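So the chains spell out like this:
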Amino acid sequence: MILNELSVPIVLAPMAGGPSTPELTAAVSAAGGLGLLAAGYLTATDTAARLAATRELTTAPFGVNLFTPGSATTPADFADYLAELGHTHEVGTPKYDTDDWDAKLELLIKAPVAVVTFTFGCPSADEVARLHEVGSEVWVTVTSAAEGRIAVAAGADVLVAQGAEAGGHRATFIDRVADDATDPLTLLALLQILRATVDLPIVATGGITTGAGIAAALAAGAAGVQLGTVFLRSPEAGTNPVHRAALGADTPTMLTRAFTGRRARGLRNRFMDEHSATAPVAYPEIHYATAPLRAAARTASNPDDVNMWAGQTYTLAPELPAGELVRTLAADAKTALTTALSGRIQSC
């Protein structure tokens, strides 16, 4: 199990759409953690190029994250929403695709990495077995005990428990408007429930940006932590300038489908306020439809019309090189655990 081989229990979250770079992945792995390279939105060819670039930068183990494809959405289900956006924005062409799923799986069979993680669903037992045959561990991101049981049945080695605090897309296997009325599980709640439900190592993710946060997750039973937002301000991250600048403010975060048709947490802005209530469940169709307006907003340095994914504790993220940040967080976590044990627990 690669988690047992890491010198620090820190895993880089695979932040697709820009922030994930070979440089960031390599820096986290070289510092003793596990770097994950995001393959979401990339073709298999582009993924192969990034794999090669990462291998040029480090000999340490790293992993790759894939988006598990869902079902296509009937155009009638999002036609009204696109018409609404078209009154004020340039809207692109909605389309469904599988994010080059088959080709990326074949790439990772031929050019294996230490870990392959999955978001938005669980690979089949046959797909898991193929990855195991070439020596890759399989990690599945889950948001509930029910999803955890599915991943266990498919043969997953590790569960990545995503709490409601996490930035970016919710990793739910199925996104449903009907579920919005139910509070999504916070990380601490989810960790406790999964520990009582499944017998697999768990990596905790969501709202962790400090050593104390890492210590809390480890104390709750996590075998490691996956951090994303805390690295957004690192120089190795490909965070776009509009997003990077906004991270210096104190803006609330919120969940929205307005930008992509799938629930995600980001910095609240005008586009979210105006369109979240009417945004349909239609991913990746809405993602492609809003791509031109988001690109235009980035070019114009306009934070009101661009998605800026971030977890709830983003204001605590420092502006440090990734390797230094890993070492600092690990030292702070060790201090927090020692302090908690020595000063807070009295002898019986």
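All figures in this text were calculated on a predicted structure; none of them were measured in a lab.

Undergrad: What is the right way to look at the sheet that holds strand β11 (residues 264-267) in this model?
TA: Remark on secondary structure: sheet strands pair via backbone hydrogen bonds, oriented parallel or antiparallel. Pairing is antiparallel in the open sheet, where 3 strands are placed in the order β7-β11-β10. Sheet topology places β7 (168-169) and β10 (253-256) at the edges, where each strand pairs with a single neighbour. The sheet contact formed by β7 and β11 spans 2 bridges and is antiparallel. Each bridged residue has a counterpart across the sheet, and for G168 the counterpart in β11 is R265.

Undergrad: Teacher, can you tell me more about the layout of surface pockets here?
TA: A probe matching the size of a water molecule, rolled over the atoms, marks out where space remains unfilled. Roughly 980 Å³ of volume is contained in the largest pocket. What lines the largest pocket is a set of 50 residues, among which P14, M15, A16, G168 and W309 lie closest to the centre. Secondary structure elements with two or more residues in the lining of the largest pocket: β3 (62-67), β4 (115-119), β6 (158-162), β7, β9 (224-227), α11 (285-289) and α12 (291-299). It is α12 that provides the largest number of residues to the lining of the largest pocket, a total of 3 residues. Tallied by class, the residues present in the lining of the largest pocket amount to 19 nonpolar, 25 polar and 6 charged.

Undergrad: Sorry if this is basic, but what is going on with the pattern of salt bridges here?
TA: Pairs can form between side chains of opposite charge whenever their charged atoms are close. In this structure the tally under the stated criterion is 10 salt bridges. Across the pair R176 and D179 runs a salt bridge, and its minimum N-O distance is 2.8 Å. D179 gets classed as partly exposed once you look at its relative accessible area, which sits at 33%. Between R257 and D180 there is a salt bridge, and its shortest N-O distance comes to 2.8 Å. Note that R257 is positioned in the loop between β10 and β11 and D180 in the loop between β7 and α7 (187-197), a separation of 77 residues in sequence. What you see here is one network of salt bridges that share partners, running through D175, D180, R257 and R263.

Analysis parameters
Residues numbered from 1 in each chain as written. Predicted model: local features only at pLDDT ≥ 70, side-chain atom pairs only at ≥ 80, totals over all residues. Heavy atoms only, no water. Pairing = 2+ DSSP bridges. Helix = DSSP H or I, 4+ residues; strand = E, 2+ residues; numbered from the N terminus. 1 Å grid on protein atoms, 1.4 Å probe; cavity = no way out; pocket = protein on both sides within 12 Å on 5 of 7 lines; lining within 4 Å. Points joined across faces, edges and corners; volume = space filled by probe spheres on them. Nonpolar A, V, L, I, M, F, W, Y, C, P; charged D, E, K, R; others polar. Salt bridge = Lys/Arg side-chain N within 4 Å of Asp/Glu carboxyl O. Buried < 20%, exposed > 50% of the residue type's maximum accessible area, 1.4 Å probe, protein only.

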